[in-house]
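# Residue-level structural notes
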Amino acid sequence: MVNVDFTNDKNQIMKLWQKVFGDTAEDIEFFLEACKNKNCLGLFVNNTLVSMLFWLTALLAKKRKIYLRCLHRF
């Protein structure tokens, strides 16, 4: 089953981020904790996060910008 939904599942976000970018857990944790104005839209296959897109709210312009996109080939 495939579905798209917003997610806050830190474990799945970190797992996919590490697979695709190879960043350390500490670096990913820093982003997730430091960035308060974000939304993560995820693509799930069989309840597993396989793609994600972060939207950040620009504080000065009050506009949303795409910050990070991530797709794991499976």
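Located above this text is the structure these notes cover.
Let's shift gears to the packing of aromatic side chains. Evaluation of the coordinates by the stated rule reveals five aromatic pairs. Of the aromatic side chains, those joined through ring pairs into one cluster are Trp17, Phe21, Phe31 and Phe54.

Below, the discussion takes up the pattern of salt bridges. Overall, the coordinates contain two salt bridges when judged by the stated rule. The shortest N-O distance in the salt bridge between Lys10 and Glu29 comes to 2.8 Å. With Lys10 in helix α1 (residues 10-21) and Glu29 in helix α2 (residues 25-34), the pair connects residues that are 19 residues apart, well separated along the chain. Accessibility expressed as a relative area gives 32% for Lys10, which makes it partly exposed. Three or more residues joined by partner-sharing salt bridges are found here, namely Lys10, Glu29 and Glu33.

So, about the layout of surface pockets. The volume enclosed by the largest pocket comes to roughly 170 Å³. Lining the largest pocket are Thr7, Asn8, Lys10, Ile13, Leu32, Glu33, Lys38, Asn39, Cys40 and Phe54. Sorting the residues of the lining of the largest pocket by element identifies α1, α2 and β2 (38-45) as the ones contributing at least two each. Considering every element that reaches the lining of the largest pocket, the biggest residue donor is β2, with three residues. Along the lines of polarity and charge, the residues of the lining of the largest pocket split into four nonpolar, three polar and three charged.

With that settled, the discussion passes to the environment of Ile28. As for its position among the elements, Ile28 is in helix α2. Under the relative-accessibility criterion, Ile28 is labelled buried at 0%. In sequence terms Ile28 and Met14 are 14 residues apart; their C-alpha atoms lie 6.6 Å from each other. Not counting residues within four places of it along the chain, the set of residues in contact with Ile28 comprises Met14, Trp17, Gln18 and Asp23.

What counts as what
Residue positions are counted from 1 within each chain, in the order its sequence is given. Thresholds applied to this predicted model are a pLDDT of at least 70 for local features of residues and 80 or more for the giving and counting of side-chain atom pairs; totals over whole chains, interfaces and linings are not thresholded and use all residues. Only hydrogens and water are set aside when side-chain values are computed; all heavy atoms of the structure are taken into account. Only rings of Phe, Tyr and Trp enter the pairing, Trp through its six-membered ring, and a pair is recorded when the two centres are within 6.5 Å. The plane angle decides the type: under 30 degrees is stacked, over 60 is edge-to-face, the rest tilted. Salt bridge, as used here, is a side-chain nitrogen of Lys or Arg placed within 4 Å of a carboxyl oxygen of Asp or Glu. Numbering of helices and strands runs from the N terminus, with a helix taken as a DSSP run of H or I at least four residues long and a strand as a DSSP run of E at least two residues long. Exposed residues in this analysis have more than 50% of their type's maximum accessible area, buried residues have under 20%, and partly exposed residues fall in between, with area computed by a 1.4 Å probe over protein chains only. A cavity here means a set of points on a 1 Å grid, drawn over the protein atoms and nothing else, where a 1.4 Å probe fits but cannot get out; a pocket is an open set with protein on both sides within 12 Å along at least five of seven lines, and a residue lines either one if it has an atom within 4 Å of a point. Grid points are joined across faces, edges and corners, and a volume is the space filled by probe spheres set on the points. Note that Gly is not counted as nonpolar here; it falls among the polar residues with everything else outside the nonpolar set of Ala, Val, Leu, Ile, Met, Phe, Trp, Tyr, Cys and Pro and the charged set of Asp, Glu, Lys and Arg. The contact criterion used is simple: two residues touch if any of their non-hydrogen atoms lie within 4.5 Å.

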